[in-house]
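# Commentary on secondary and tertiary structure
Each chain, written out:
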Amino acid sequence: MIVNWISIGVLIAVFIITCRRIAIKWQLERLRLPRNLPLSFQRKLDYVKQIEQNKHVSALLFLTLFLGVGLSLSTFSLFQLNKQLYALEEKNNALGDRLYKVEKEQKQMNTKLPIKAYPQKGIGLKDYSWEQIFADENREKQYEIENDISEKVAPYFGLSTTLIVLDIPTQTLNIALAGNSGSEENKKQIKDNIKTFAKEAKDIEKLTQITFQMNLLNDNKKNMYSCTFSRENANEDFVLIQEDD
């Protein structure tokens, strides 16, 4: 901070000295004298001009010195700023690495925990304004409901990524899951929760099909599970018509 103020002071001094020298030089050049002046006065005037010319040279030397000092201070300040910026970037990178490790450890811990059984009373699917969405195709409201349901079912599906998308033209609710399912018991519980979810989805009128797609990673081995539920009309329960494991 002090270095910056010194640099500003040097620049102000340079500006003042330069303006003063320019003003004096301009006044001397504007001077118009009669031709019949005494020779002694002319010599005195030439002497004054010579003195001012020497002052111009001295001022130029001082200005060069001041500019060099100002440039040196600015360069020093820039180096200090770059040093601080580099240190800040190092801290941010270290913090990012720590955050990544914490998130990774948290995900690993989540996969080791037993997945909760889907509540028999459901998560409140019937409370959403499905009729409005199917009728008006309100995309903003649809995204809001999809995200809210994804958060609610996360404890019962137990995977790192849960994506729920409603396809209005086909009246299909698509659910995509991805992550590490952990133990076989967790995988079995996820399948049971999916079936319970399909039972609750009976309350969503105009919905005719539900598809589940799971991409699982166990011991660095990828495997997939998918199933499809369907029904003919809103009064029927969803029936499992396809399952691939």
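Scroll up to find the structure this text is about.
All values reported here derive from a predicted model rather than from experimental measurement.

Moving on: the packing of aromatic side chains. Two numbers describe a pair of aromatic rings. These are the distance of the centres and the angle of the planes. Per the counting criterion, the structure on display carries seven aromatic pairs. A ring pair is formed by F157 and F212, whose centres lie 6.3 Å apart and whose planes are at 85 degrees; its orientation type is edge-to-face. Taken as a pair, F157 in helix α4 (residues 139-157) and F212 in strand β3 (residues 209-218) lie far apart in primary sequence, 55 residues in all. Of the residues examined, F212 reaches a relative accessible area of 2% and is grouped as buried.

Phi angles above zero are rare outside glycine, and Q171 is one such case at about 55 degrees. Here Q171 shows up in the loop between β1 (161-167) and β2 (172-179). Look at Q171 and you get partly exposed, because its relative accessible area is 27%. Positive phi, normally seen in glycine, also occurs at K206, with a value near 70 degrees. Inspection of the secondary structure puts K206 in the loop between α5 (184-200) and β3.

Before going further, it helps to examine the environment of E52. Here E52 lies in helix α2 (residues 39-112). Along the primary structure E52 and R21 are separated by 31 residues, whereas in three dimensions their C-alpha atoms are 8.6 Å apart.

Turning our eyes to something else, we now look at the pattern of salt bridges. In the structure shown here, the tally under the stated rule is three salt bridges. As a salt-bridge pair, D192 and K188 come within 3.3 Å of each other at their nearest N and O atoms. In this pair, D192 and K188 are both assigned in helix α5, four residues apart and thus about one turn of the helix distant. On the basis of relative accessible area, D192 is assigned to the partly exposed category, the value being 30%. Note on K188: relative accessible area 53%, which makes it exposed. Here K202 ties to D237 by a salt bridge, and the two come within 3.1 Å at their closest N and O atoms. Taken together, the residues K202 in the loop between α5 and β3 and D237 in the loop between β4 (221-230) and β5 (239-244) connect sequence positions 35 residues apart. Looking at K202, the relative accessible area reads 30%, which means it is partly exposed. We classify D237 as partly exposed; its relative accessible area is 47%.

Turning our eyes to something else, we now look at α4. With 19 residues, α4 should reach 27 Å at 1.5 Å per residue; the first-to-last C-alpha distance of 25 Å fits that figure. Helix geometry: α4 is bent most strongly at E151, by close to 30 degrees, with proline P155 lying one to four residues after it. Of all the positions in α4, only Q142, I145, E146, I149, S150, V153, Y156 and F157 are classed as buried. Just downstream of α4 lies G158, where phi reads positive at about 70 degrees.

Below, the discussion takes up the nonpolar core. Ranked by internal contacts, the top residues of the largest apolar core, which has 34 residues, are I149, I194, F197, I210 and F212. Looking at this core, the elements with two or more residues in it are α3 (130-136), α4, β1, β2, α5, β3 and β4. Here the element with the most residues in this core is α4; it accounts for five residues. Leave out the neighbours within four places in its chain, and F212 touches F157, I175, I194, F197, Y225, S226, C227 and F229.

Rules of the game
- Here, residues in each chain are numbered from 1, in the same order as that chain's written sequence.
- Selection of residues for local features in this predicted model requires a pLDDT of at least 70, selection of side-chain atom pairs for listing and counting requires 80 or more, and totals for whole chains, interfaces and linings are taken over all residues.
- Excluding hydrogens and water, the side-chain figures rest on all heavy atoms present in the structure.
- Pairs were defined over the aromatic rings of Phe, Tyr and Trp, the Trp ring being its six-membered one, requiring ring centres within 6.5 Å. Orientation was assigned from the angle between planes: stacked under 30 degrees, edge-to-face over 60, tilted for the rest.
- Numbering of helices and strands starts at the N terminus; helices are DSSP runs of H or I of at least 4 residues and strands are runs of E of at least 2.
- Three labels apply to residues, based on accessible area from a 1.4 Å probe with only protein chains included: buried if under 20% of the type maximum, exposed if over 50%, partly exposed otherwise in between.
- Salt bridge, as applied in this entry: a Lys or Arg side-chain nitrogen positioned within 4 Å of an Asp or Glu carboxyl oxygen.
- What a helix should span is 1.5 Å times the count of its residues minus one.
- The term bend refers to the angle at a residue between two fitted axes, each drawn through seven residues, those ending there and those starting there.
- For the purposes of this section, nonpolar cores are sets of buried Ala, Val, Leu, Ile, Met, Phe, Trp, Tyr and Cys residues that join through side-chain atoms within 4.5 Å.
- We call two residues in contact when some of their heavy atoms are within 4.5 Å.

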